[in-house]
Amino acid sequence: MRNWTGLLAGFPVLTAFNWSDRFIEFATHPITVMILLSVMLAGFILELFTPGFGLPGMAATLALIIFIAGHVMSGDAGISTVLLIIVGVLFILAEVILPGGVIGFLGFLLFAAGVLFAGASMLWMAVSLLIAFLVATAVLILMVKVLGKEMKFFKKFILSDSTDTEHGYVSNVTRTDLIGKTGKTKTPLRPSGTVVIDGERIDAVAEGVFIPAGVEVAVVKTEGVRVVVREMES
């Protein structure tokens, strides 16, 4: 077996450079934390406008991994803090699929709590989180209001087909063919009930207040599926 310690000893530059310490120093630096949180939130916002899982989502995920790894390795964040952040992110993503506001708001609270508890300075974490939130909000406004972009993610869950008559959709069939026809009330109309016209049972509404059963009636008008009948004079 090779003696890797002895081998590295021949390269004093490598042995003097502690990669883990440098990574921790980089990942937990206040400016880096602010940038990571901004990339994280802005990346997830931009991902909503990207079909599939694109570069913004990968950048946000990488920023999340660096943030968590750096603070866990430094000893500032424990398993509970990591769970708060991860569950918060999952809840925020779930809000996209199950809109309503409650899950998303709870997710943001969990995420924010995890971030605040992850750092050595809660004050700087709060400032960094606020800046990241403002950046993400600015990105959202830019995409929607300025560039007029639509969230591609929602197209998987929203029916975009037109439901007009040109595509064969009919909201209510207007029975204009019944106007002027006569029939007999099957049930009393108080003021709604059932009439029989040409052997067809039809839900109808009396023009007045009441029409008894077994009475001859005539259709005077139709309003969508609403058929209005009038008692015929004997």
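One structure accompanies this document, and this report is about it. The residue count restarts for each chain, going from 1 along the sequence in the order it is written. The predicted nature of this model means local features are confined to residues of pLDDT at least 70 and side-chain atom pairs, given and counted, to a pLDDT of 80 or more, with totals for whole chains, interfaces and linings taken over all residues. Only hydrogens and water are set aside when side-chain values are computed; all heavy atoms of the structure are taken into account.

### Describing the overall build of the protein chain
Looking only at helices and strands, the protein chain features eight helices and five strands. Helix and strand assignments follow DSSP, with helices taken as H or I runs no shorter than four residues and strands as E runs no shorter than two, numbered in order from the N terminus. The order of α-helices and β-strands along the protein chain, N terminus first, is α-α-α-α-α-α-α-α-β-β-β-β-β. The rule is simple: take the accessible area with a 1.4 Å probe, protein chains only, and divide by the maximum for that residue type; under 20% is buried, over 50% is exposed, in between is partly exposed. Taken over 234 residues, the protein chain has a buried fraction of 30%. By sequence separation, contacts in the protein chain at least 24 residues apart represent 51% of the contacts at least 6 residues apart. Methods summary: accessible areas were calculated by the Shrake-Rupley approach with a probe of 1.4 Å, and residue burial reflects only the protein chains presented. Put simply, the protein chain shows about 14,800 Å² of open surface, and 68% of that area lies on carbon and sulfur atoms. We call two residues in contact when some of their heavy atoms are within 4.5 Å.

### Focus on the nonpolar core
Counting residues in each nonpolar core, the largest one holds 31 residues, and the members touching the most others are L37, M40, F67, F111 and V115. At the level of elements, α4 (30-47), α5 (55-74), α6 (79-97), α7 (102-118) and α8 (122-146) are the ones that each hand at least two residues to this core. Counting residues per element, this core draws most heavily on α4, which supplies eight residues. The contacts of M40, once residues within four sequence positions are left out, are A60, A63, L64, F67 and F111. Remark: nonpolar core denotes a set of buried residues (Ala, Val, Leu, Ile, Met, Phe, Trp, Tyr, Cys) joined through side-chain atoms within 4.5 Å. Of all hydrophobic cores here, the second largest spans 13 residues; its members include L189, I197, A206 and V227.

### Regarding the sheet that holds strand β2 (residues 192-197)
For two strands to count as paired, DSSP must find a minimum of two bridges between them. One closed barrel holds the five strands; their spatial order is β1-β2-β3-β5-β4, and the pairing between them is mixed. Each strand axis lies, on average, 55° off the axis of its neighbour in the sheet, ignoring direction. Direction of pairing for strand β1 (residues 182-185) relative to strand β4 (residues 216-223): antiparallel, over a ladder of three bridges. What sits directly across from K184, in β4, is E216. Axis definition: a line fitted to C-alpha atoms, over the contacting stretch in the case of helices. Angles run 0 to 180 degrees between N-to-C directions.

### Section: α4
Expected helix span is given by 1.5 Å per residue-to-residue step, counting one fewer step than there are residues. End to end, α4 covers 26 Å across 18 residues, agreeing with the expected 26 Å (1.5 Å per residue, within 8%). Every buried residue of α4 is listed here: T32, V33, L36, L37, S38, M40, L41, A42, G43, F44, I45 and E47.

### A look at α8
Compared with an ideal rise of 1.5 Å per residue, which puts 25 residues at 36 Å, α8 spans 35 Å between its outermost C-alpha atoms and is within 8% of the ideal. Contacts made by the buried residues of α8 are with α4, α5 and α7.

### Observations concerning the packing of helix α3 (residues 19-27) against α5
The relative placement of two packed helices is expressed as an angle between their axes plus a distance between the axes. α5 packs onto α3 with a crossing angle of 120° between their chain directions and a minimal axis gap of 8 Å. On the basis of the axis angle, α3 is oblique to α5. When you trace α3 past α5, the crossing you get is left-handed. Taking contact as the criterion, the partners of S20, F23, I24, F26 and A27 in α3 are, on α5, I66, A69, G70, H71, M73 and S74. By the definition adopted for this analysis, an angle is roughly parallel if under 35 degrees, roughly antiparallel if over 145, roughly perpendicular if from 65 to 115, and oblique otherwise. By convention the crossing between two helices is left-handed if the near helix lies anticlockwise of the far one by an angle smaller than a right angle, and right-handed if it lies clockwise.

### Points about unusual backbone geometry
In this chain, R190 is followed by P191 through a cis amide linkage whose omega measures -5°. Structurally, P191 is set in the loop between β1 and β2.

### As for the pattern of salt bridges
Take a side-chain nitrogen of Lys or Arg and a carboxyl oxygen of Asp or Glu: if they are within 4 Å of each other, that pair is a salt bridge. Inspection of every chain in the model, using the stated rule, returns four salt bridges. Where E223 meets K221, a salt bridge forms, and the shortest distance between an N and an O atom there is 3.5 Å. Residue class for K221 comes out partly exposed when judged on its relative accessible area of 40%. Sharing partners across several salt bridges, the network here consists of K221, E223 and R226.

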